[in-house]
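Working through the structure, step by step
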Amino acid sequence: MKVYLAQPRGFCAGVNRAIAIVERALQKYGAPLYVRHEIVHNKTVVNELKAKGAIFVEDLTEVPDDATVILSAHGVSQSVKDYAAKRQFRMIFDAACPLVMKVHREVIKMHQDGLTVIVVGHKGHAEVDGTVGQVPDNIYRVYSDEEVEALDVPDVTKVGYVTQTTLSVDETQSIIAKLKAKFPGIRSLSPADICYATQSRQQAVKQLAKHVDRVLVVGSVTSSNSKRLRDIAQQEGVTAYLIDNAEEIDLPWLEGCERVGITAGASAPEHLVQGVIELLKAHGAESVETLEGVPDRISFPLPAGL
């Protein structure tokens, strides 16, 4: 058996920044500190930060006064920020990915320009909820052609759209085409607001699928971008599995496989990938090769105070 690794894979700049914010805040301000929602959608990362003193909550009403508070990488609504500002928290750090913040700024600008804003994204996803919550009204979420057809806006000539950053280009293509057909002249964020990490990892898994019989995607089921990597591999004609770690591999999956590919979602740490490699080596993998690709070289600065 040969093992092939996608390039790039794993942590993106936004996830690196978010985790660094929690770790630096723990060092500087001490434990416990409170994080609203999972800092990133990965079970291992969350558990590792819990062990260091981070407490994860879904509502800031659960946080005591004088606490250090961090808002997750997915971004939060304006009402959450307003509530946090009114509380007597010791420190508040916003770990929202700068690329998500870019989408938030565009939503606000569209609303100020009098446009109805359409958010293409999964219902109930933390990032989508945060994006929709940037403005008080005249904003809608869609994720299907049927939902686009059902839209009824005040002025069809004054509409704009943004997308959830972790959706695939292929996944949004049909919906965006429907929006453009229904609302000629609809405004969008430029360049496309699907983030660089989503696009590069999806392109890498397409290349990976050309070389292998199976694909293992390291990532949690709560991670939208990890699930997309699995889906894309399967669309390319290769059976793919989403796993949190090596322990979730069912060895019969690999029976008869000569070439196994591994990639990881943008919130999955590299040590989990290495754990999968070690398990495969223990069960007969003879070589490990990283495919050609463009490694990430983007980084985002930490907020003031850290």
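Presented here is an overview of the structure given in this document.

Conventions adopted
- Residues numbered from 1 in each chain as written.
- Predicted model: local features only at pLDDT ≥ 70, side-chain atom pairs only at ≥ 80, totals over all residues.
- Heavy atoms only, no water.
- Helix = DSSP H or I, 4+ residues; strand = E, 2+ residues; numbered from the N terminus.
- Contact = heavy atoms within 4.5 Å.
- Axes fitted to C-alpha atoms, helices over the stretch in contact; angles between N-to-C directions.
- Left-handed = near helix turned anticlockwise from the far one by under 90°.
- Nonpolar A, V, L, I, M, F, W, Y, C, P; charged D, E, K, R; others polar.
- Buried < 20%, exposed > 50% of the residue type's maximum accessible area, 1.4 Å probe, protein only.
- Pairing = 2+ DSSP bridges.
- Salt bridge = Lys/Arg side-chain N within 4 Å of Asp/Glu carboxyl O.
- Phe/Tyr/Trp six-rings, centres within 6.5 Å; stacked < 30°, edge-to-face > 60°.
- Parallel < 35°, antiparallel > 145°, perpendicular 65-115°, else oblique.
- Right-handed = clockwise from strand over helix to strand, strands pointing away.
- Expected span 1.5 Å × (residues − 1).
- Arc of directions from axis to C-beta.

This paragraph deals with the side chain of Ser223. Its location among the elements puts Ser223 in the loop between β10 (214-218) and α9 (224-235). Sequence-distant contacts of Ser223, that is, excluding residues within four places in its chain, are made with His41 and Ser267.

Before going further, it helps to examine the packing of helix α8 (residues 196-209) against α9. Contact geometry of α8 with α9 gives a least axis separation of 9 Å together with a crossing angle of 30°. α9 is crossed by α8, and the crossing has right-handed handedness. When α8 is examined against α9, the residues Arg201, Gln202, Val205 and Lys206 are found in contact with a partner set consisting of Arg228, Leu229, Ile232 and Ala233. Here the contact of α8 with α9 is composed, by residue class, of four nonpolar, one polar and three charged.

Moving on to the pairing of strand β8 (residues 159-163). Most of β8 is tucked away: five of the five residues are buried. Here β8 shows no split at all, with Val159, Tyr161 and Thr163 on one side and Gly160 and Val162 on the other all buried. Inspection of the sheet shows strand β6 (residues 116-120) paired to β8 by five bridges, in the parallel sense. By the bridge assignment, Thr116 is partnered in β8 with Val159. In this sheet, strand β9 (residues 187-188) lies alongside β8 in parallel orientation, the contact comprising two bridges. Across the sheet, the residue bridging to Tyr161 is Ser188, located in β9.

In this section: the pattern of salt bridges. Applying the stated criterion across every chain, the model contains 15 salt bridges. Of the charged contacts, one joins Glu270 and Arg9 as a salt bridge, the two residues approaching to 2.9 Å between their closest N and O atoms. Taken together, the residues span a long stretch of sequence, with Glu270 in helix α10 (residues 270-282) and Arg9 in the loop between β1 (2-5) and α1 (13-29) at a distance of 261 residues. We classify Glu270 as partly exposed; its relative accessible area is 32%. In this structure Arg9 comes out as buried when scored by relative accessible area, which is 17%.

Time to look at the packing of aromatic side chains. Under the definition given, this model contains two aromatic pairs. A centroid spacing of 5.9 Å and a plane angle of 40° characterise the contact between Tyr29 and Phe93, whose relative ring orientation is tilted. Placement of Tyr29 in helix α1 and of Phe93 in strand β5 (residues 91-94) is noted, with a sequence separation of 64 residues between them. When the centroid spacing of 3.9 Å and the interplanar angle of 0° are considered together, the rings of Tyr241 and Trp253 count as stacked. One end of the pair, Tyr241, is in strand β11 (residues 239-243); the other, Trp253, is in the loop between β11 and β12 (259-264), with twelve residues separating them in the sequence. Residue Tyr241 is classed as partly exposed on the basis of its relative accessible area of 22%.

Our next topic: the packing of α1 against helix α2 (residues 43-52). For the pair α1 and α2, interaxial distance at closest approach is 11 Å and the crossing angle is 10°. Relative to α2, the element α1 is oriented roughly parallel. On α2, the residues touching Ile19, Val22, Glu23 and Leu26 of α1 are Val45, Leu49 and Lys52. Considering only residue class, the contact of α1 with α2 consists of five nonpolar, no polar and two charged.

Ordered by their spatial adjacency, four strands build an open sheet running β3-β2-β4-β5, and the pairing between neighbours is parallel. Each edge of the open sheet carries a strand with a single partner, namely β3 (54-57) and β5. Going from strand to strand, the sheet's axes swing by 25° on average, the running direction of each strand aside. This element, α1, spans β2 (33-36), β3, β4 (68-71) and β5 of the sheet and lies at about 165° to β5.

Before going further, it helps to spend a moment on the pairing of strand β7 (residues 139-142). The sheet contact formed by β6 and β7 spans four bridges and is parallel. Residue pairing in the sheet places Ile118 in a bridge with Tyr140 of β7. As for the winding sense of the linkage, the β-α-β connection from β6 through helix α5 (residues 126-132) to β7 is right-handed.

With that settled, consider the sheet that holds β1. With parallel pairing, five strands are arranged side by side in an open sheet as β11-β10-β12-β1-β13. Edge positions in the sheet fall to β11 and β13 (287-290), since each of these pairs with one other strand and no more. Each neighbouring strand pair of the sheet contributes to a mean axis angle of 25°, computed without reference to strand direction. Sheet contacts for α10: β1, β10, β11, β12 and β13; angle to β12, the most-contacted strand, approximately 165°.

End to end, helix α4 (residues 98-112) covers 21 Å across 15 residues, agreeing with the expected 21 Å (1.5 Å per residue, within 8%). Of all the residues in α4, the buried ones are Leu99, Val100, Val103, His104, Glu106, Val107 and Met110. Seen from one end, α4 has its buried residues packed into an arc of 160°, which puts them on one side. More than 90 degrees from the buried face of α4, the exposed residues found are Arg105 and Gln112.

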